[in-house]
Every structure is written in structure tokens, then in C-alpha cells.
Amino acid sequence: MVATVGKLIGWIGMKRLLAGAAASGMLALSSCTVVGNVTQLDDDYYRLIRRESPDSLVAALQAKKDFYVQQRADTLLLTPPSGAALLTYRYRLQPNQRVVLLRRRLDVDVFTIPFKMRPSQGSVPVQLNTNFNAAIYLGRRLDFYALRTKRSTPFGATPHVRATGIGYGAFVGVGSTVVNPDVTRQRATIADYEGLVVHGGLAAIYDARAFNIGVAVGADQLLGPDGPHWVYRRKPWFGVLFGLDLN
């Protein structure tokens, strides 16, 4: 009888755990559906790169030209840069016709590198290193905004802004790596230890709004007396970046 009750309690606990996990999964899934959407466009300089509209005003705007853009509910105010005729265009967003704007800016991020894939070196096979690695990234960021209206309330259409951010640049940082005779041509001063490395390279990132993720290619330099004998000294590796936007 006690055993039966124990099994019943365990089954109920497991059922609650699975229900909680399912609810968490649904919450995460629902969160993913809003990644990339913003409610309001920042006042700034943007480049008009695409216009899907027969509207004569939008057709008159030159593509690949910068404008100072302000969003007022479902209307965009587009002002040419100083030096041009000071004329502000007013364009009302349409439900099935997108206007795409591009904003460019400098990007500074702090990233972790969860793993590095190192190609084989001599008798050492391909390695997947998961040691601690951190980096500071500096590069160019490109944010694309697709604007239109969307009928989401009984009172009429509301502005819908879809944002996509990508970037490219360089990074430098520090990390750790396992050092032993196998990776130092049998010349390691200590049999097995965690060595300090400095690294640098190039990266391409994607902004998922909640976080940034990217791919990187770089090279390491092991610090200390075993550095000159390290088989991965200044050899390329490939990895993934993960971090938060500091801007």
C-alpha cells in the first residue's frame, strides 16, 4: 500500500513537472514570435532602400538616399539632410505595401565564445575546445526596418515595424586552453595545466533583439614559456559568439 501511494505521488509530481516544462516551452515559443518586432522607430538618419508602393510621393523619393526619419503613429516624416531643400515628406504607412529603411552605426559588444573548433595539426586530430573565452567586438552594424500597417485591433490598423540587425567587425579577447605534452611537441614545462591565451579575429553577427549571436574565425597566442612550442600558435580556429548589445 505504501509503495502504491509512493508511486502515485511520484507520478503526480512527474506530471506536474512535464506540465511546467510544456508551459515554459510554449512561453519560449511565443516569445520567439515577437523577436524582431519593435513598436516605435527611433528618430534618426535612415537610408530608403526599398519601396513597395504606387504612391506618387514615395515614388518621388530617391532610393539609396539618407533622410532624417520620424515616426508619428502610422505616418513617417522624411526630411532630407541639411544642404538640400528643407522639405519634409509625409508618408502614411499602408497595410500591404512595405517601406524598408536602413540605419548604419558603430557597434560595440562583449561576447563569450562557447566553443572553438581547431583543425588538426600534425598528429593532433581536430579539437573542439569548450574552455572559457571572452572578447570585445567592434564593428559596423546594419539595421533593416520594414514598415507597414497591420490590422490587429477592432479600431483599425496599427503600425508594424519588422527589424533585422546584422553586423561585421573584429574582436580581441582572452581565454584559456588545456596545455599538455601532446599539444607542445612533448616540450610542456608542466604535465597538464590550463594556459592563458589572447585571441583576435573577424566575426559576423546577427541581432535577435534579446541577444546577439555570430560566427567567428580567429587565432590564439598562448602566453608563457610553452607558447613557442604550442601547435595551435597563431593557427586559425572557427567558433560561435554569444553576447549582449552594449549600445
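For clarity, every value in this text was computed on a predicted model and none was experimentally measured.

Draft legend 1. Structural view of the overall build of the chain. Broken down by element type, the chain carries two helices and 13 strands. Counting across all 247 residues of the chain, residues that qualify as buried make up 35%. Partitioning the contacts of the chain with sequence separation of at least 6, the portion at a separation of at least 24 is 63%.

Draft legend 2. Inspection of the environment of Leu147 at higher detail. Examined against the element boundaries, Leu147 turns out to sit in strand β9 (residues 133-153). It is 9.6 Å that separates the C-alpha atoms of Leu147 and Leu76, two residues lying 71 residues apart in sequence. Setting aside anything within four residues of it in sequence, one finds Leu147 in contact with Leu41, Leu76, Leu93, Gln97, Arg98, Val99, Leu101, His160 and Val161.

Draft legend 3. Looking closely at the pairing of strand β3 (residues 65-72). The pairing of β3 with strand β4 (residues 75-79) spans five bridges and is classified as antiparallel. Opposite Val69, over in β4, you have Leu78 as the bridge partner. Hairpin connection from β3 to β4: two residues lie between these consecutive antiparallel strands, with Ala73 at a positive phi of about 60 degrees.

Draft legend 4. View of the pattern of salt bridges. Applying the stated criterion to the full structure yields 12 salt bridges. One salt bridge connects Asp74 with Arg92, and the closest N-O pair in it is separated by 3.0 Å. You can see Asp74 sitting in the loop between β3 and β4 and its partner Arg92 sitting in strand β5 (residues 89-92), a full 18 residues away along the chain. According to the relative accessible area criterion, Arg92 is exposed, its value standing at 55%. Between Arg105 and Asp143 there is a salt bridge; the shortest N-O distance is 3.4 Å. Remark: Asp143 occurs in strand β9 and Arg105 occurs in strand β6 (residues 99-112); sequence separation between them is 38 residues.

Draft legend 5. Just the packing of aromatic side chains, in detail. Evaluation of the coordinates by the stated rule reveals six aromatic pairs. Plain terms: the ring middles of Tyr46 and Tyr145 are 5.7 Å apart, the flat faces sit at 80 degrees to each other, and that makes the pair edge-to-face. A residue pair is termed long-range when its members are at least 10 positions apart, and Tyr46 in strand β2 (residues 44-51) and Tyr145 in strand β9 qualify at 99 residues. With relative accessibility at 1%, the residue Tyr46 sits in the buried group. The class for Tyr145 is buried, based on a relative accessible area of 5%. Seen from their ring centres, Phe67 and Tyr89 are 6.5 Å apart, and the 80 degrees between their planes marks the pair as edge-to-face. Of the two residues, Phe67 sits in strand β3 while Tyr89 sits in strand β5, which places them 22 residues apart along the sequence. Look at Phe67 and you get buried, because its relative accessible area is 2%. Over the face of the ring belonging to Tyr232 we find Arg118, whose NZ or CZ atom lies 5.1 Å from the ring centre.

Draft legend 6. Here's a closer look at the nonpolar core. Leu41, Val69, Leu101, Tyr145 and Leu147 are the most contacted members of the largest nonpolar core, which has 15 residues in total. Within the residue set of this core, elements represented by two or more residues are β2, β3, β4, β6, β9 and β10 (156-179). The residues touching Val69, leaving out its near neighbours within four places in the chain, are Leu41, Asp42, Asp43, Asp44, Tyr46, Leu76, Leu77, Leu78 and Leu101. Counting residues in each nonpolar core, the second largest holds 10 residues, with Phe171, Ile205, Ala216 and Leu241 among its members.

Draft legend 7. Seen up close, the pairing of β4. Burial of β4 is extensive: five of the five residues sit out of reach of the surface. Here β4 shows no split at all, with Thr75, Leu77 and Thr79 on one side and Leu76 and Leu78 on the other all buried. For β4 and β5, the ladder comprises four bridges, and the chain directions are antiparallel. Paired with Leu77 across the bridge in β5 is Arg90.

Draft legend 8. Spatial organisation of a nonpolar patch on the surface. Together, Phe115, Met117, Val126, Leu128, Leu202, Val217 and Phe238 line one region of the surface with nonpolar side chains, adding up to about 610 Å² of accessible area. If you trace the backbone, Met117 turns up in strand β7 (residues 116-118). For Met117, a relative accessible area of 30% corresponds to the partly exposed category.

Parameters at a glance
Residues numbered from 1 in each chain as written. Predicted model: local features only at pLDDT ≥ 70, side-chain atom pairs only at ≥ 80, totals over all residues. Heavy atoms only, no water. Helix = DSSP H or I, 4+ residues; strand = E, 2+ residues; numbered from the N terminus. Buried < 20%, exposed > 50% of the residue type's maximum accessible area, 1.4 Å probe, protein only. Contact = heavy atoms within 4.5 Å. Pairing = 2+ DSSP bridges. Salt bridge = Lys/Arg side-chain N within 4 Å of Asp/Glu carboxyl O. Phe/Tyr/Trp six-rings, centres within 6.5 Å; stacked < 30°, edge-to-face > 60°. Lys NZ or Arg CZ within 6 Å of the ring centre and 35° of its normal. Core = buried A, V, L, I, M, F, W, Y, C linked by side-chain atoms within 4.5 Å. Patch = residues over 30% accessible without salt bridge, like charges linked within 9 Å, V, L, I, M, F, W, Y side chains within 5 Å. Areas by Shrake-Rupley, 256 points an atom, 1.4 Å probe, with all protein chains shown as cover.

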